[in-house]
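The lines below spell out each chain.
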Amino acid sequence: MNNYFFSFIIFLSLLNAQTAEKNIENFIISLNNHQLEIEVINEDSKNYIAILSVYNDDLYFDTTSFDSLITVIQGNVISTFDFSKNKVIKENFEISLLDFFQIKNLSKLQLISSITNGNQVNYKFIYLDQNINLVFDKELELISYIEVFQDGINIFKSNILRKAGFDLDSLNWIQDSKWELIDWTE
């Protein structure tokens, strides 16, 4: 009887992990050529709206309404466009807090726990050196809340307000010759 119960618990855990992975995978796949309107919860000051756009494997994180920045993640290069100072900063990175929005990184998510509460499932993952808490809304089929911790410190907390399509032209902005390039990729 004990072995049966133990096997049943392991089966439910594996089934739950597969469901979590499938929910998250389907959501991430559905983001290509779409954007998310995100309310970034800022502990020190007022919350602000940001836009995360996904085009193929490139991520565009637009916080111009708050700090005049657009961050572009392409491969392992992150480019930050500062529209208030006309500067572009390029640097290499190993991990970004937005990395898990790329489908190729889903295999690195390790499910720790999941709790279902009505239409919402609270997932806790470990992603490389980060702990990620996600709330997945089964009815809307989207992640509605994200919280990222690194070394026990909350580095990102946000509500996802909505998912929408976007016009590819919205990702192409004019960068004239007056912009200063700071390249730290070498």
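Let us look at the structure shown here. Keep in mind that what you see is a predicted model, and the values were worked out from it rather than measured. Per chain, residue numbering runs from 1 following the sequence as it is written. Given that this is a predicted model, residues contribute local features only at a pLDDT of at least 70 and side-chain atom pairs are listed and counted only at 80 or more, while totals for whole chains, interfaces and linings are drawn from all residues. Only heavy atoms go into the side-chain values, all of them from the structure, while hydrogens and water stay out.

**Regarding the overall build of the chain**
Alright, step 1. If you tally the helices and strands in the chain, you get 2 helices and 12 strands.
Alright, step 2. Remark: exposure states derive from per-residue accessible area (1.4 Å probe, protein chains only) relative to the maximum for the residue type, with buried under 20%, exposed over 50%, and partly exposed in between. Here the chain holds 186 residues, and 37% of them are scored as buried.
Alright, step 3. Contact criterion: two residues are considered in contact whenever any of their non-hydrogen atoms come within 4.5 Å of each other. Here the contacts in the chain between residues at least 6 apart in sequence split such that 40% fall between residues at least 24 apart.
Alright, step 4. Note on areas: Shrake-Rupley, 1.4 Å probe, and residue coverage restricted to the protein chains presented here. With the model as given, the accessible surface of the chain reaches about 11100 Å², and the carbon-plus-sulfur share is 51%. Helix and strand assignments follow DSSP, with helices taken as H or I runs no shorter than four residues and strands as E runs no shorter than two, numbered in order from the N terminus.

**Remarks on the pattern of salt bridges**
Alright, step 1. Here a salt bridge means any side-chain nitrogen of Lys or Arg lying within 4 Å of a carboxyl oxygen belonging to Asp or Glu. The final tally for this structure, using the stated rule, is 2 salt bridges.
Alright, step 2. Close ionic contact of Glu 37 with Arg 162 constitutes a salt bridge, the shortest N to O distance being 2.9 Å. Taken together, the residues span a long stretch of sequence, with Glu 37 in strand 1 (residues 34–40) and Arg 162 in strand 11 (residues 153–165) at a distance of 125 residues.
Alright, step 3. According to the relative accessible area criterion, Arg 162 is partly exposed, its value standing at 42%.
Alright, step 4. The partner of Lys 87 in a salt bridge is Glu 180, with the nearest N and O atoms 3.9 Å apart. Here the residue Lys 87 occupies a position in strand 6 (residues 87–92), and Glu 180 occupies one in strand 12 (residues 180–184), the gap between them amounting to 93 residues.

**Observations regarding the environment of Ile 182**
Alright, step 1. Within the element layout of this structure, Ile 182 appears in strand 12.
Alright, step 2. Taking C-alpha positions, Ile 182 is 7.3 Å from Lys 87, a pair spaced 95 residues apart along the chain.
Alright, step 3. Contact partners of Ile 182, with chain neighbours within four places excluded, come to Lys 87, Val 88, Ile 89 and Lys 90.

**Digging into the packing of aromatic side chains**
Alright, step 1. Between 30 and 60 degrees the pair is tilted, below 30 it is stacked and above 60 it is edge-to-face, where a pair is any two Phe, Tyr or Trp rings, Trp via its six-membered ring, whose centres lie within 6.5 Å. In the structure shown here, the tally under the stated rule is 5 aromatic pairs.
Alright, step 2. Aromatic side chains Phe 83 and Trp 179 sit 5.1 Å apart centroid to centroid with 85 degrees between the ring planes, which places their arrangement in the edge-to-face category. Taken as a pair, Phe 83 in the loop between strand 5 (77–82) and strand 6 and Trp 179 in the loop between strand 11 and strand 12 lie far apart in primary sequence, 96 residues in all.
Alright, step 3. Phe 83 sits in the partly exposed class, given a relative accessible area of 29%.
Alright, step 4. The class of Trp 179 is buried, set by a relative accessible area of 12%.

**Structural notes on the pairing of strand 10 (residues 142–150)**
Alright, step 1. Across the 9 residues of strand 10, 7 count as buried, placing the element largely inside the fold.
Alright, step 2. Where strand 9 (residues 130–137) meets strand 10, 8 bridges bridge the pair, whose relative direction is antiparallel. Along strand 10, the bridge assignment pairs Val 135 with Tyr 145.
Alright, step 3. Strands are treated as partners if at least two bridges between them are detected by DSSP. The turn joining strand 9 and strand 10, which pair antiparallel and follow one another in sequence, is formed by 4 residues; a positive phi near 55 degrees is taken by Glu 141.
Alright, step 4. Connecting strand 10 to the next strand, strand 11, in antiparallel fashion are 2 residues, including Asp 151 with a positive phi near 55 degrees.

**With respect to the environment of Leu 142**
Alright, step 1. Relative to the helices and strands, Leu 142 resides in strand 10.
Alright, step 2. For the pair Leu 142 and Leu 161, spaced 19 residues apart in sequence, the C-alpha to C-alpha distance is 10.0 Å.

**Thoughts on unusual backbone geometry**
Alright, step 1. Look at Ser 68: it is not a glycine, yet its phi comes out positive at around 65 degrees.
Alright, step 2. Along the polypeptide, Ser 68 turns up in the loop between helix 2 (64–67) and strand 4 (69–74).
Alright, step 3. The exposure class assigned to Ser 68 is partly exposed, which follows from its relative accessible area of 24%.
Alright, step 4. You will see that Asn 86, though not glycine, has its phi angle at about 50 degrees, which is positive.

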